[in-house]
Amino acid sequence: VPGFDPSLSMMTGITPINPMIPGMGLVPPPPPTDVPVVKEIIHCKNLPPPSTRERPPGCKTVFVGGLPENATEEIIQEVFEQCGDITAIRKSKKNFCHIRFAEEFMVDKAIYLSGYRMRLGSSTDKKDSGRLHVDFAQARDDFYEWECKQRMLAREERHRRKMEEDRLRPPSPPAIMHYSEHEATLLAEKLKDDSKFSEAITVLLTWIERGEVNRRSANQFYSMVQSANSHVRRLMNEKAAHEQEMEQAKESFKNALTGILTQFEQIVAVFNASTRQKAWDHFSKAQRKNIDIWRKHSEELRNAHSEQLMGIRREEEMEMSDDDSGDNPSKKLRVDDSALAAQAYALKEENDSLRWQLDAYRNEVELLKQEKGQLYRTEESLTKDQQLQFLQQTMQGMQQQLLSIQEELNNKKSELEQAKEEQTHTQAMLKVLQEQEINVLTVALVNQDREKNSEKRSPGLKSEKEALLIGIISTFLHVHPFGANIEYLWSYMQQLDSRISANEIEMLLMRLPRMFKQEFTGVGATLEKRWKFCAFEGIK
């Protein structure tokens with residue numbers, strides 16, 4: 001009860017007083033029975049929210065505990081209908097009930113009634129009072145309605161996405177008509193028209209893929225293919241025109257950039273003239289500071305535009321060098337004297353251009369040195385020293401690039417000489433191989449004549465060891481269809497017999513020309529002799 005002090009008996013030494021007794025001044029006396037009872041709503045502010053369980057999805061039902069035993073459904077509905085429309089009340093015999101509201105937000109209002117004390121009339125009986133406890137309740141009807149609502153929202157979302165995809169999807173191409181002589185005649189006319197060529201070529205491609213070409217319609221399809229081929233020259237002319245427009249745009253951009261750079265140079269020259277002593281002394285300190293800031297900003301912009309212009313010129317030089325050195329893939333496979341000479345000429349031109357740029361940088365450094373000798377040691381001289389260092393660094397970089405290009409030129413020259421030597425060597429080897437081929441042909445003819453005359457001319461084997469060696473060598477060369485050199489064969493035989501020599505194996509192979517033959521493979525420095533097993537060729 002508000003205003004009641006429980007320690008009152010301790011202060012006065014009297015027995016404790018029940019504050020609920022009427023007439024004691026702490027609780028107003030009960031109203032008369034004939035006067036209607038006025039119900040007052042108690043509003044509490046800044047109270048923390050009551051502790052509840054986790055809210056189930058779609059909760060519309062609350063659990064109300066701590067009800068008075070004598071509370072009826074009408075009283076409960078009268079108390080909780082201020083939170084919203086009530087659809088059902090399920091009351092239990094154990095002082096609790098479940099209340100189902102029409103909407104979910106009404107549950108939040110009912111939760112804040114938790115903790116209030118409920119009393120029926122002015123009765124002090126325990127059965128007529130109780131402390132309310134309101135909490136979320138999990139009901140199957142609420143969960144079912146929530147699931148239905150979620151499914152409905154998902155259907156709406158899918159429908160919305162489908163409508164959005166249909167709206168953003170590109171329109172379907174028109175249906176391709178079936179082939180007929182009349183349609184083919186119309187298509188041939190469309191193929192000759194530049195504006196309808198794209199549509200007509202699609203129809204022609206579809207007809208060919210469908211298999212409409214036969215012996216009867218072959219001539220008509222050939223004429224349509226010929227009409228399609230006639231557009232190649234038009235497309236190439238259009239491409240050349242667009243490329244020319246692009247080149248003109250590049251040229252106009254480069255000219256405009258050159259003009260802007262010239263104006264920047266003039267502005268920087270004005271600032272440099274203003275910083276000399278004749279004019280500099282007449283400016284105030286604030287004016288000098290502004291002029292210095294403007295000069296630095298103009299120099300930065302000028303350097304940026306100069307680098308951009310140099311980059312454009314570098315790209316043009318690279319494109320020109322690419323055009324000069326571009327060859328067919330078949331020509332790139334073989335090292336030709338003319339290609340290497342063209343590369344050497346391009347490197348010489350690049351070397352000359354770099355040398356001219358180096359001379360220009362040197363002239364700028366000399367001019368900066370002259371201006372440095374005329375000016376005092378001011379902030380301008382410090383910035384020019386920095387520019388001088390920057391130019392010296394760029395000169396060093398250009399010199400290093402020049403040295404690398406000279407080294408590359410020397411390497412190209414050495415490669416050219418090496419290619420010439422390899423060409424002469426390959427010509428000599430070609431002559432040797434031709435002579436050997438002639439000798440081999442003559443030897444083969446002689447062997448054929450000998451085989452016809454007598455089959456017993458081949459020398460016999462001297463020992464069982466040679467027969468064993470021939471069997472092992474035959475097996476080894478049979479699994480090497482491209483042959484093997486004598487060193488590889490000797491290294492394999494040495495694992496079986498360490499006392500055998502390569503010369504002995506070669507002599508044994510040369511004694512049996514009908515079983516083993518010798519071939520030359522490779523070119524130049526990679527030329528080597530290989531032995532092959534040819535006994536089965538003789539049998540065939």
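No experiment lies behind these values; they were computed from the predicted model shown.

(A) Spotlight on the overall build of the protein chain. When helices and strands are tallied, the protein chain shows 17 helices and 8 strands. Accessible surface, the protein chain: about 40,000 Å² in total, of which carbon and sulfur atoms supply 54%.

(B) View of a nonpolar patch on the surface. A surface patch of nonpolar side chains, about 220 Å² in accessible area, is lined by Ile208, Val213 and Val225. For Val225, the position within the fold is in helix 7 (residues 218-229).

(C) A look at helix 16 (residues 502-511). Three or more residues of helix 16 are buried, namely Ile505, Leu508 and Leu509. Buried residues of helix 16, viewed axially, fall in a sector of 100°; they line one side. Summarising the geometry of helix 16, the exposed residues directed more than 90 degrees from the buried face are Asn503 and Met510. Its buried side turned inward, helix 16 meets helix 14 (464-478), helix 15 (486-496), strand 7 (516-521) and strand 8 (528-533).

(D) Seen up close, the layout of surface pockets. Approximately 1,800 Å³ is the volume attributed to the second largest pocket. Together, 46 residues line the second largest pocket, and Ser306, Met310, Tyr361, Glu364 and Leu391 are the ones closest to its centre. Of all the secondary structure elements, the ones that give two or more residues to the lining of the second largest pocket are helix 8 (231-274), helix 10 (285-325), helix 12 (337-374) and helix 13 (379-453). Counting residues per element, the lining of the second largest pocket draws most heavily on helix 10, which supplies 16 residues.

(E) Structural detail: unusual backbone geometry. One non-glycine residue, Asn95, lies in the positive phi region at around 65°. Mapped onto the elements of the fold, Asn95 is located in the loop between strand 2 (86-91) and strand 3 (96-101).

(F) Region of interest: the sheet that holds strand 2. The strand order 2-3-1-6 describes an open sheet built from 4 strands, whose pairing is antiparallel. Of all the strands in the sheet, just strand 2 and strand 6 (133-136) have a single pairing partner and so form its edges. Shown here is a sheet whose adjacent strand axes are inclined to one another by a mean of 20°, direction ignored. In this sheet, strand 3 lies alongside strand 2 in antiparallel orientation, the contact comprising 5 bridges. Each residue of the ladder has a partner; that of Lys91, found in strand 3, is Cys97. The sheet strands contacting helix 2 (residues 73-80) are strand 1 (61-65), strand 2, strand 3 and strand 6, and the helix crosses strand 2 at an angle near 135°.

(G) Summary view of the packing of aromatic side chains. Within the structure shown, the criterion is met by 8 aromatic pairs. Summarising the aromatic geometry, the rings of Tyr179 and Trp207 are spaced 5.2 Å apart at their centres and angled 85° between planes, so their arrangement reads as edge-to-face. Separated by 28 residues along the polypeptide, Tyr179 in the loop between helix 4 (140-168) and helix 5 (181-192) and Trp207 in helix 6 (residues 197-210) bring together distant segments of the chain. Joined through ring pairs, the aromatic side chains of Tyr179, Trp207 and Phe221 make up one cluster.

(H) Local environment of the environment of Leu187. As for its placement among the helices and strands, Leu187 is situated in helix 5. In this structure, the C-alpha to C-alpha distance between Leu187 and Ile201, residues 14 residues apart in sequence, is 8.7 Å. Residue contacts for Leu187: discarding those within four places in its chain leaves Ala200, Val203, Leu204, Trp207 and Met224.

(I) Local environment of a negative patch on the surface. On the surface, Glu243, Glu247, Glu315 and Glu319 cluster together into a negatively charged patch. Counting residues per element, the ones that place at least two in the negative patch are helix 8 and helix 10. Looking at the element boundaries, Glu319 is found in helix 10. Accessibility expressed as a relative area gives 39% for Glu319, which makes it partly exposed.

(J) Region of the structure containing the nonpolar core. Counting residues in each nonpolar core, the largest one holds 22 residues, and the members touching the most others are Val62, Val64, Phe80, Ile99 and Phe101. The set of elements that each furnish at least two residues to this core consists of strand 1, helix 2, strand 2, strand 3, helix 3 (105-111) and strand 6. For this core, the element with the highest residue contribution is helix 3, accounting for 4 residues. Apart from residues lying up to four places away in sequence, Phe80 is in contact with Val64, Ile86, Ile99, Phe101, Ala110, Leu113, Leu132 and Val134. Among the nonpolar cores identified, the runner-up in size contains 18 residues, and Leu469, Ile473, Met493 and Leu509 belong to it.

(K) Up close: helix 15. Taken residue by residue, helix 15 has Ile486, Leu489 and Met493 as its buried positions. Looking straight down helix 15, one finds its buried side chains confined to an arc of 65°; they lie on one side. Exposed residues pointing more than 90 degrees away from the buried face of helix 15 are listed as Glu487 and Gln495.

(L) Inspection of the packing of helix 15 against helix 16 at higher detail. Orientation of helix 15 relative to helix 16, taken along the N-to-C sense of each, is 110°, at an axis distance of 9 Å. On the basis of their axis angle, the class for helix 15 and helix 16 is roughly perpendicular. Considering how the two elements wind past one another, helix 15 and helix 16 form a crossing that is right-handed. Between helix 15 and helix 16, the contacting residues are Ile486, Leu489, Trp490 and Met493 on the first element and Ala502, Ile505, Glu506 and Leu509 on the second. Grouping the amino acids of the contact of helix 15 with helix 16 by side-chain chemistry returns 7 nonpolar, no polar and 1 charged.

(M) A look at empty space enclosed by the protein. For the structure shown, the criterion picks out 1 cavity of 30 Å³ or more. For the largest cavity, the calculated volume is near 50 Å³. Lining the largest cavity are Pro56, Pro57, Gly58, Cys59, Ala137, Gln138, Ala139, Asp142 and Phe143. For the lining of the largest cavity, a count of residues per class yields 6 nonpolar, 2 polar and 1 charged.

Definitions and cut-offs
Residues numbered from 1 in each chain as written. Predicted model: local features only at pLDDT ≥ 70, side-chain atom pairs only at ≥ 80, totals over all residues. Heavy atoms only, no water. Helix = DSSP H or I, 4+ residues; strand = E, 2+ residues; numbered from the N terminus. Areas by Shrake-Rupley, 256 points an atom, 1.4 Å probe, with all protein chains shown as cover. Patch = residues over 30% accessible without salt bridge, like charges linked within 9 Å, V, L, I, M, F, W, Y side chains within 5 Å. Salt bridge = Lys/Arg side-chain N within 4 Å of Asp/Glu carboxyl O. Buried < 20%, exposed > 50% of the residue type's maximum accessible area, 1.4 Å probe, protein only. Arc of directions from axis to C-beta. Contact = heavy atoms within 4.5 Å. 1 Å grid on protein atoms, 1.4 Å probe; cavity = no way out; pocket = protein on both sides within 12 Å on 5 of 7 lines; lining within 4 Å. Points joined across faces, edges and corners; volume = space filled by probe spheres on them. Pairing = 2+ DSSP bridges. Axes fitted to C-alpha atoms, helices over the stretch in contact; angles between N-to-C directions. Phe/Tyr/Trp six-rings, centres within 6.5 Å; stacked < 30°, edge-to-face > 60°. Lys, Arg positive; Asp, Glu negative; His and termini not counted. Charge placed at Lys NZ, Arg CZ, Asp CG, Glu CD. Core = buried A, V, L, I, M, F, W, Y, C linked by side-chain atoms within 4.5 Å. Parallel < 35°, antiparallel > 145°, perpendicular 65-115°, else oblique. Left-handed = near helix turned anticlockwise from the far one by under 90°. Nonpolar A, V, L, I, M, F, W, Y, C, P; charged D, E, K, R; others polar.

Note that every value here comes from positions in space, so none of it alone points to a role or purpose.
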